[in-house]
Amino acid sequence: MIEIIQQRLDQYQSETAIAEEQALKEIIQEIALYGLWRAGFFEQAAFQGGTSLRILYQLPRFSEDLDFILIKSEEPVFSWHRYKESLLDTFTEFGLEMTVSGKDQMDKRVQQAILKNDSMTNQLTVAFPRSDRRPSLKIKLEIDVNPPEFSAFSRSYLDFPLDFEVCHQDLPSNFALKIHALLCRPYLKGRDWFDFSWYVSRKMQPNYRHLQAALIQYGPWQGQQLHCDDIWLKQELVNKVKQIDWQDARQDVERFLNVAQRRSLELWSADFFAHKVDQLVAGT
């Protein structure tokens, strides 16, 4: 069934080696989602984060990792190991030999696993052949096993590699965790701000209850009494916007965009994102 993957790759019409590598990674992501669905994963967990926006809502940037959250606490403690066999069997059926690595760390809030393929580009007709020095194709899988309360969820159907269904955070809840990342992540990630702008352009409002729960659970406001509303959020976002090195932010995200989209990065500045914050609050 490798021809299905070749057809999918051809649809991207990649114009650079980086774009083609991102397309290959996205194909691996979609097959992994299918394998997880077959294993019953989406009865316990939900798709979340930038890749969910890319695959489910056509966010106009590539995303590297597969992020999930538990829908509710479960016993026994979550382990990626229980889904390893289904993932490997699924990739084998489509002609790909994958490895799944990672160890359970029960004391960690986020559990990780790594999918890796060393031969995919040798099995396909690619526009930009990889040299022996190029790294393997790797996809990180992460799940928050202690997510904040008050998330809402939706279900969507996908049709690659075959028809299947995923459970995922709804957009307001996903937006809430993106804002949490903007305010609490201890390092700059320009992709967060790209996604923020995308949400605002869709006139999306965050799930404020979920955002407040996340802020109280983890970050500078951990354990504090907090009333998270549009007034509070505007103040904190504007303060954050003033602290950002926008040149660094642009450099982080530009490799995930096509040439036309990179032009809009020239607008990135404190004034530009203060305007975005005003748009967000005006929509409440």
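Going by the structure above, here's the rest.
Read on for a plain summary of the structure. Quick caveat, the model's predicted, so the values are computed rather than measured. (Residues numbered from 1 in each chain as written. Predicted model: local features only at pLDDT ≥ 70, side-chain atom pairs only at ≥ 80, totals over all residues. Heavy atoms only, no water.)

What to know about the pattern of salt bridges
Thought 1: Under the criterion given, the structure shown has 17 salt bridges.
Thought 2: Residues R191 and E64 are paired through a salt bridge, measuring 3.2 Å at the closest nitrogen-oxygen approach. In this pair, R191 is assigned in helix α7 (residues 190-201) and E64 in the loop between α3 (50-57) and β2 (66-70), connecting sequence segments 127 residues apart.
Thought 3: With a shortest N-O distance of 3.7 Å, E142 and K140 are connected by a salt bridge.
Thought 4: By relative accessible area, which is 17% here, E142 ends up buried.
Thought 5: When its relative accessible area of 28% is taken as the criterion, K140 is described as partly exposed.
Thought 6: By sharing partners, the salt bridges in this structure join R61, K178, R185, D192 and D195 into a single network. (Salt bridge = Lys/Arg side-chain N within 4 Å of Asp/Glu carboxyl O. Helix = DSSP H or I, 4+ residues; strand = E, 2+ residues; numbered from the N terminus. Buried < 20%, exposed > 50% of the residue type's maximum accessible area, 1.4 Å probe, protein only.)

With respect to the layout of surface pockets
To locate leftover empty space, one rolls a probe as large as a water molecule over the atoms.
Thought 1: Taken as a whole, the largest pocket encloses approximately 920 Å³ of empty space.
Thought 2: As for the largest pocket, its lining consists of 33 residues, of which Q48, D67, E142, A181 and R185 are closest to the centre.
Thought 3: Sorting the residues of the lining of the largest pocket by element identifies α3, β2, β5 (137-144), α6 (171-184), α7 and α8 (208-217) as the ones contributing at least two each.
Thought 4: Sorting elements by how many residues they give to the lining of the largest pocket places α6 first, with 6 residues.
Thought 5: Tallied by class, the residues present in the lining of the largest pocket amount to 12 nonpolar, 8 polar and 13 charged.
Thought 6: By volume, the second largest pocket amounts to about 600 Å³.
Thought 7: Y12, A19, R54, F62 and N258 are, among the 28 residues lining the second largest pocket, the residues nearest its centre.
Thought 8: If you list the elements that add at least two residues to the lining of the second largest pocket, you get α1 (2-12), α2 (17-38), α3 and α11 (259-263).
Thought 9: In terms of residue class, the lining of the second largest pocket is made up of 11 nonpolar, 8 polar and 9 charged. (1 Å grid on protein atoms, 1.4 Å probe; cavity = no way out; pocket = protein on both sides within 12 Å on 5 of 7 lines; lining within 4 Å. Points joined across faces, edges and corners; volume = space filled by probe spheres on them. Nonpolar A, V, L, I, M, F, W, Y, C, P; charged D, E, K, R; others polar.)

Some details on unusual backbone geometry
Thought 1: The amide bond that connects F160 to the next residue, P161, takes the cis arrangement and shows omega of 5 degrees.
Thought 2: Among the secondary structure elements, P161 is positioned in the loop between β6 (153-158) and β7 (164-169).
Thought 3: Of note in this structure, Q13 is not a glycine but carries a positive phi near 50 degrees.
Thought 4: For Q13, a relative accessible area of 64% gives the class exposed.
Thought 5: Phi angles above zero are rare outside glycine, and F150 is one such case at about 75 degrees.
Thought 6: Checked against the element boundaries, F150 lands in the loop between β5 and β6.

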